[in-house]
Each structure stands twice: as C-alpha cells, then as structure tokens.
Amino acid sequence: MTARSEEPRALARRLVSWYRRNRRDLPWRRTRDPYRIWVSEIMLQQTTVRAVVPYFERFLRAYPTVADLAAARLNDVLASWSGLGYYRRARDLHASARIVVARHGGRFPDRLEEALALPGIGRYTAGAILSIAHGQRLPVVDGNVSRVLSRLLLLRGAAPAARDRRLWSAATGLVTAASEPGDLNQALMELGATVCAPLEPACPRCPIRAACRARAAGLQLRVPPPRRTRRLPVTIRADVAVVERAGRLLLRRRRDGGLMRGLWELPTVTRRSGADGLRLEMSEPIATVRHSITYRRLELRVRPARLLSEPPRGRYRWVRRGDLRRLPTSSMVRKVLAAYGERPGRRARRLV
Ligand code: ADE
C-alpha cells in the first residue's frame, strides 16, 4: 500500500469487523472444509451468488467428498453442472479431484504451488481457498475486489500490467495486516458485491469510506472506468426441432470442440450447420426463445418436428422427460422445453 504503515491494519480491522456484522449467510460460509470452499469458488468464478447457491447444495449432496467426486463419471458431473455454464470448470474440477485423491491423499493441497498446479486453479482461486479454509495470508483479486481497491487507492490511467501489480500488492498489504485472512478477503469480495457497486456505490454504508481516495475526489463513478464490452454481441438464429415419440424426446450430443462439447441438446438447425445428418419435417415455430452464451445471443425458434428417416446411430438418443436431468444439458434445453410446454392449445405440464 502506498498509505501510511498503520493504515492497512486499521483498514483491515474495519473491513473484518464490517464483514462479520454484514455478511450474507451463504452455505459455503458455514464450513471450513477445503473441498466445499473449493467447489464454491469454482462455481462462483463466472456465476452470481444467487445462481450458485442451489447448484452448490445439489452438487454437494451428489458428491459430498473429494473421493466421491473423483470416483464419479465425468458425464454425471457435467449433468450436475447442467445450466451453470462454462463447463470447462466442471471438467477441470473433476480432473483436479482425481489428482487430489491420487497425489494428495484426498485433501486439497495446502501448499500454494501444489494448489496452482491443479487444472482450473489460478492465483485468485488458490488464494481464496487457502485463506478461507486454512487462514493463509494470501491475497485475492477478482472483479469485485479490484473495483474496491481501485477506488480506495484511486488507481487510474495505469497500464493493465502496472494496475494489476498495484492491486495485488494492495491486497497483499491488507491480508498481511488482517487478524483473519479469510474474513479479510471475503470482506473485500462482499463489499464489492453489496456496497461498492459498479454504477451505484452505496458510500454511506462503506466501512472504509473515510480512506477512499476516489470518493474524496468525487470520482467513485469513474473509477474504475466502465468496461467496454470485449466483443460485440453476435445474434445467431436457429431452429430447434422438438421431436417426440412415445413420450420421449430426441436429443443429440454436441460434438464441436467448444465449451459445450459433449452436452446433450435438442437438434438445432442453423444455416451453417444444416440439420447435421437428420432428415426432418418441421412445423411452423410456436415460440421464440432467447438465450445468451458469452457474446452470442441465440434466437431459437421452437418447432415441433417429425422425422423423415431414422437418425444416424451414435449421437442421437431418445430420452424420457423425467430422465433429462441425468444427462449433461445446457439450460437452453430447459428453456426451449418450457416454451414448448406452454404453447397455446396445449395443457401446461412440467417437462423437465
Ligand atoms: N465470490 C467469489 N468467492 C466468493 C465468496 N467466497 N463469497 C461470496 N462471493 C464470492
């Protein structure tokens, strides 16, 4: 920190005390089990707390220990992840669980280098797990923490690498000065998530407002500068064929090399891919469903369809609706089937 030497300690004390009084009661905050904290941190990497909570609870019921996760089939793990998105995380988590069982006696490693060697664990995640579970003095900087610290120190104008260095160094200063490193790190995350918001920071509620340089300069809305969208959104239109036979739906396994590889989906027809080996007769669209995946905005026309010949073997399966949850699917399937079930003239019924 560039501030006076007693300042990190005073700030850390305020932050930790504020956190203890204001923290949200979240399931991974009721434990110090490194495995549970690990799962929560992986789920929280690209997903909001609200969306994560039910997945977290279900995932831990299915895989209560690292050994259970390591013993599971990847397909089942992906099924438990269905709808959370960024499936690479589930693959890495599963691969890491196997390494933890094979090389670390089933305990998440408590040495930083060993944690960093696991797939899907970077500096942020390792710091979060080791500080929260083991009280190690390791800093964390994620999007929320970065905003809090940028405002506190009025960091602006620096090149990204220099800015990053200053952020990590400030986070290190604070965690080093804290009585409880895990609480300090979570205090910074929590402050960013609930008070030091990007567009409407609630400065009067902030425990460190008196030290905040951005606030003193009246620049809290301009620091950090609003992020430009990394990529312009691209709209992709596709037809989704809902083929039913004897109470079963026709599903296809994705085979492209993207993030959703291996997930099951309703056969989707785009101009580029065509029907991909299927011969279909599709009726008029009965609904349009919108679904975003990173920068892609999918506009899916839901079309009941009939097969003109049997699907090629291998990638297709007839799946009973009640069995859908056992397969890895993206939340797109659920959205499309919800729209399909609600179409006019059809009695509403639960499809998934
Ligand atoms: N985001 C990342 N880690 C978190 C945590 N432990 N609590 C709340 N939000 C988080």
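Residues numbered from 1 in each chain as written. Predicted model: local features only at pLDDT ≥ 70, side-chain atom pairs only at ≥ 80, totals over all residues. Heavy atoms only, no water.

With respect to the overall build of the chain
In plain terms, the rule: Elements are defined by DSSP. Helices are runs of H or I of four residues or more, strands are runs of E of two residues or more, and each kind is numbered from the N terminus. Working definition: with a 1.4 Å probe on protein chains only, accessible area under 20% of the residue-type maximum means buried, over 50% means exposed, and in between means partly exposed. In this description, contact between two residues means that some pair of their heavy atoms is separated by no more than 4.5 Å. Accessible areas in this description were obtained via Shrake-Rupley with a 1.4 Å probe; residue shielding takes into account the shown protein chains only. Positive charges come from Lys and Arg alone, negative charges from Asp and Glu alone, with His and the N- and C-terminal ends not counted. Lys charges are placed at NZ, Arg charges at CZ, Asp charges at CG and Glu charges at CD.
Along its length, the chain carries 13 helices and eight strands. Principal-axis analysis of the C-alpha atoms gives the chain an extent of 75 × 50 × 35 Å. Residues counted as buried form 47% of the 352 residues belonging to the chain. Summarising the internal contacts of the chain: among those between residues at least 6 apart in sequence, 68% fall at separations of at least 24. Carbon and sulfur atoms form 48% of the exposed surface of the chain, whose accessible area is close to 18,600 Å². Here the chain contributes 71 positively and 29 negatively charged side chains, and the mean placements of these two sets differ by 3 Å.

Digging into the packing of helix α2 (residues 34-44) against helix α3 (residues 49-62)
For any two helices packed against each other, the geometry comes down to the angle between their axes and how far apart the axes lie. Applied cut-off: Whenever a helix is involved, its axis is fitted only over the stretch in contact; in every case the axis is a line through C-alpha atoms, and angles between N-to-C directions fall within 0 to 180 degrees. Each angle receives one of four descriptions, namely roughly parallel if under 35 degrees, roughly antiparallel if over 145, roughly perpendicular if within 65 to 115, and oblique otherwise. Each helix crossing is assigned a hand: it is left-handed if the near helix lies turned anticlockwise from the far helix by less than a right angle, otherwise right-handed if that turn is clockwise.
It is at 10 Å that the axes of α2 and α3 come closest, and there the two elements cross at 140 degrees. When the axes of α2 and α3 are compared, the pair comes out oblique. With respect to the hand of their crossing, α2 and α3 are arranged in right-handed fashion. Contact with α2, carried on its side by Tyr35, Arg36, Val39, Ser40, Met43 and Leu44, involves Val49, Val52, Tyr55, Phe56, Phe59 and Leu60 of α3 and no other residues of that element.

Digging into the site of the ligand
Going by this rule: One heavy atom within 4 Å of a molecule or strand makes the whole residue count as near it. Side-chain atoms alone can form a polar contact between residues adjacent in sequence; in general such a contact is a pair of N or O atoms within 3.5 Å, and within protein one must be able to donate a hydrogen while the other accepts it.
Surveying the vicinity of the ligand reveals the residues Trp28, Arg29, Glu41, Leu44, Val49, Tyr124, Gln186 and Met189. In the environment of the ligand, a nitrogen atom lies 2.9 Å from a nitrogen or oxygen atom belonging to the side chain of arginine 29. Here a nitrogen atom of the ligand and a side-chain polar atom of tyrosine 124 are 3.2 Å apart. Its free accessible area being 260 Å², the ligand has 93% of it covered by the protein chains. Secondary-structure elements contributing two or more residues to the shell around the ligand are α2 and α11 (181-194).

A short note on the domain arrangement of the chain
Cut-off, in case you're wondering: Either an automatic procedure or a domain database provided the assignment from which the domain bounds are taken. A 1.4 Å probe defines the accessible area here, and the buried area is the portion of it lost by two parts on being joined, summed over both. Salt bridges, as used here, are contacts in which a Lys or Arg side-chain nitrogen is within 4 Å of a carboxyl oxygen on Asp or Glu. Gly is put with the polar residues, along with every residue not named as nonpolar or charged; the nonpolar set is Ala, Val, Leu, Ile, Met, Phe, Trp, Tyr, Cys and Pro, and the charged set is Asp, Glu, Lys and Arg.
What the domain assignment reports for the chain is domain 1 (6-216) and domain 2 (234-351). When each unit is reduced to the centre of its C-alpha atoms, the spacing between domain 1 and domain 2 is 36 Å. Taken together, the contacts link ten residues of domain 1 with 14 residues of domain 2. Summing both sides of the interface, domain 1 and domain 2 together bury roughly 950 Å²; the carbon and sulfur share of this comes to 49%. In terms of surface lost to domain 2, no three residues of domain 1 exceed Asn75, Tyr87 and Arg91, which account for 44% of the buried area on that side. At the junction of domain 1 and domain 2, the tally comes to zero salt bridges. Counting residues per element, the ones that place at least two in the side of domain 1 that touches domain 2 are α5 (74-81) and α6 (88-103). When residues in the side of domain 1 that touches domain 2 are grouped by element, the largest group, three residues, is from α5. Partitioned by chemical class, the residues of the side of domain 1 that touches domain 2 number five nonpolar, three polar and two charged.

Focus: the pattern of salt bridges
Under the definition given, this model contains 22 salt bridges. A salt bridge links aspartate 183 to arginine 20; the nearest nitrogen and oxygen atoms lie 2.9 Å apart. On the criterion of sequence distance, the pair formed by aspartate 183 in helix α11 and arginine 20 in helix α1 (residues 6-22) is long-range, its members being 163 residues apart. By relative accessible area, aspartate 183 is classed as buried at 13%.

Quick notes on the environment of serine 169
Its location among the elements puts serine 169 in helix α10 (residues 160-177). Judged by relative accessible area, which is 38%, serine 169 ranks as partly exposed.

Describing the side chain of serine 146
In this fold, serine 146 is placed in helix α9 (residues 143-153). A relative accessible area of 12% means that serine 146 is categorised as buried. Side chain to side chain, serine 146 and arginine 163 meet in a polar contact 3.2 Å long.

Brief notes about the confidence of the model for the chain
Heads up, the condition is: A score between 0 and 100, pLDDT records how confident the predictor is in each residue.
In the predicted model, the chain carries a mean pLDDT of 92, and 95% of its residues have values of at least 70. Confidence over residues 347-352 falls short of pLDDT 50; this stretch has twelve contacts with residues more than four positions distant or in other chains.

A word on the layout of surface pockets
As a reminder, the rule being used: Residues are called lining when one of their atoms sits within 4 Å of a cavity or pocket point, these points coming from a 1 Å grid over the protein atoms alone, where a cavity is a set in which a 1.4 Å probe fits but cannot get out and a pocket is an open set with protein on both sides within 12 Å along at least five of seven lines. Grid points are joined across faces, edges and corners, and a volume is the space filled by probe spheres set on the points.
Approximately 1,000 Å³ is the volume attributed to the second largest pocket. As for the second largest pocket, its lining consists of 29 residues, of which Ile236, Arg254, Thr268, Thr270 and Ser273 are closest to the centre. Every element with two or more residues in the lining of the second largest pocket is listed here: β1 (234-245), β2 (248-253), β4 (268-269), β6 (287-293) and β7 (296-307). Top element by residues in the lining of the second largest pocket is β7. It accounts for five residues. Across the lining of the second largest pocket, the residue classes tally to nine nonpolar, five polar and 15 charged.

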